[in-house]
Amino acid sequence: MGGEKNLKAENIDSEVLKVCPTSLQLDKLALQKDLDDFKRRLRLFEYFNSDKDNDKGSTDLEVSRFRNKSTWTPPAGRDSFLDSFLEAVQREVDAFQPPKYVKDNLTLEEREALTNLWTDDNIVIKPEDKGPAFVIQNKTDYIHTAKTDLSNVNFYRKNTVDKTPETAERVNKVVREMLREGDIKEKTAEYLVTNDVRTSRFYTLPKTQKAKDENGHLKIRPVISGNGSPIERLSEFRERQMTPRALASAIQTREVELDRLWRKIRKELRDLESEKYTGEIDSALSEIEAKYKLYKDKWEE
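A quick note: this is a predicted structure, and the numbers were derived from the prediction, not measured.

Criteria and thresholds
Residues numbered from 1 in each chain as written. Predicted model: local features only at pLDDT ≥ 70, side-chain atom pairs only at ≥ 80, totals over all residues. Heavy atoms only, no water. Core = buried A, V, L, I, M, F, W, Y, C linked by side-chain atoms within 4.5 Å. Buried < 20%, exposed > 50% of the residue type's maximum accessible area, 1.4 Å probe, protein only. Helix = DSSP H or I, 4+ residues; strand = E, 2+ residues; numbered from the N terminus. Contact = heavy atoms within 4.5 Å. pLDDT = per-residue confidence, 0-100. Salt bridge = Lys/Arg side-chain N within 4 Å of Asp/Glu carboxyl O.

Here we look at the nonpolar core
- By size, the foremost hydrophobic cluster in this structure holds 9 residues: Phe66, Val171, Val175, Met178, Ile184, Ala189, Tyr191, Leu192 and Phe237.
- Sorting the residues of this core by element identifies helix H7 (164–180) and helix H8 (186–192) as the ones contributing at least two each.
- The contacts of Ala189, once residues within four sequence positions are left out, are Val175, Leu179 and Ile184.

A few points about the confidence of the model for the protein
- Put simply, the protein has an average pLDDT of 78, and 69% of its residues get 70 or more.
- Averaged pLDDT values over the elements of the protein bottom out at 42 in helix H1 (residues 4–10) and peak at 94 in helix H4 (residues 80–95).
- Every residue in residues 1–8 is under pLDDT 50, and counting partners more than four places away or in other chains gives 9 contacts.

Concerning the pattern of salt bridges
- Within this structure, the stated rule accounts for 8 salt bridges.
- Residue Asp36 pairs with Lys39 through a salt bridge whose shortest N-O separation is 3.9 Å. With Asp36 and Lys39 both in helix H2 (residues 28–49) and 3 residues apart, this pair spans about one turn of that helix.
- With a relative accessible area of 36%, Asp36 lands in the partly exposed category.
- Close ionic contact of Glu169 with Arg176 constitutes a salt bridge, the shortest N to O distance being 3.0 Å.
- Judged by its relative accessible area of 43%, Arg176 is partly exposed.

Encoded structure:
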């Protein structure tokens with residue numbers, strides 16, 4: 001990187017990136033929105049957890065998790081204590097006056113450096129792959145490395161048209177078939193059906209722990225983000241349904257492998273058994289058996 005402001009950004013303390021900078025101005029609209037969300041959560045909790053209405057909640061994972069979020073708020077007047085508490089909180093917030101001076105938790109140089117990083121269009125900031133640090137990259141080099149990776153025909157194929165609408169229609173067809181066959185409920189189908197979707201995004205994460213390539217560029221790990229894509233919700237639903245079964249299958253398979261390994265080791269050691277080595281073999285068997293039980297108990301957990 002070059003230029004005065006970039007040099008200042010390079011000198012910023014790495015610890016600064018781990019803190020939340022003090023907000024020097026109060027955003028009253030954001031504060032009121034947070035307060036409204038807080039009041040809604042309390043009213044929902046009272047509505048679905050009161051003794052007289054304890055049958056309103058649903059313990060069905062599919063219904064409770066895979067459904068479009070509701071914006072409904074229970075009306076006031078159900079619980080006088082809750083109403084009084086929320087009114088008092090609202091009055092306190094309305095009467096609040098922010099202090100004239102707010103102590104900044106960053107120095108002037110640190111805040112200037114963060115501003116320069118945020119507004120510099122010539123750099124790309126990404127977290128490192130498998131690490132806690134952030135990496136500042138030259139945008140030109142970042143784009144060049146990404147395009148080089150995408151040009152590998154062994155892993156990528158260029159499309160002349162956007163396949164997102166076609167994929168969305170295929171997903172919706174699968175969801176409708178699942179609903180018709182009774183595999184999912186209607187609210188789940190409404191959640192899984194894709195309407196407002198976008199194309200998956202491609203980006204890369206730098207591998208700082210590995211040597212650079214022949215051109216002096218950082219090696220990368222390519223990532224395709226499916227957030228907002230047609231398959232996002234269907235993939236989430238499939239993972240939620242399949243994870244317990246896959247885990248149970250893996251535990252059963254590993255237990256069979258451990259049993260087979262234990263029998264094989266015991267047979268081979270006993271085949272070598274003689275009066276001279278009986279004590280050593282028994283000791284080895286005891287140690288292996290203890291380790292076997294330890295691993296087995298961990299898998300059963």
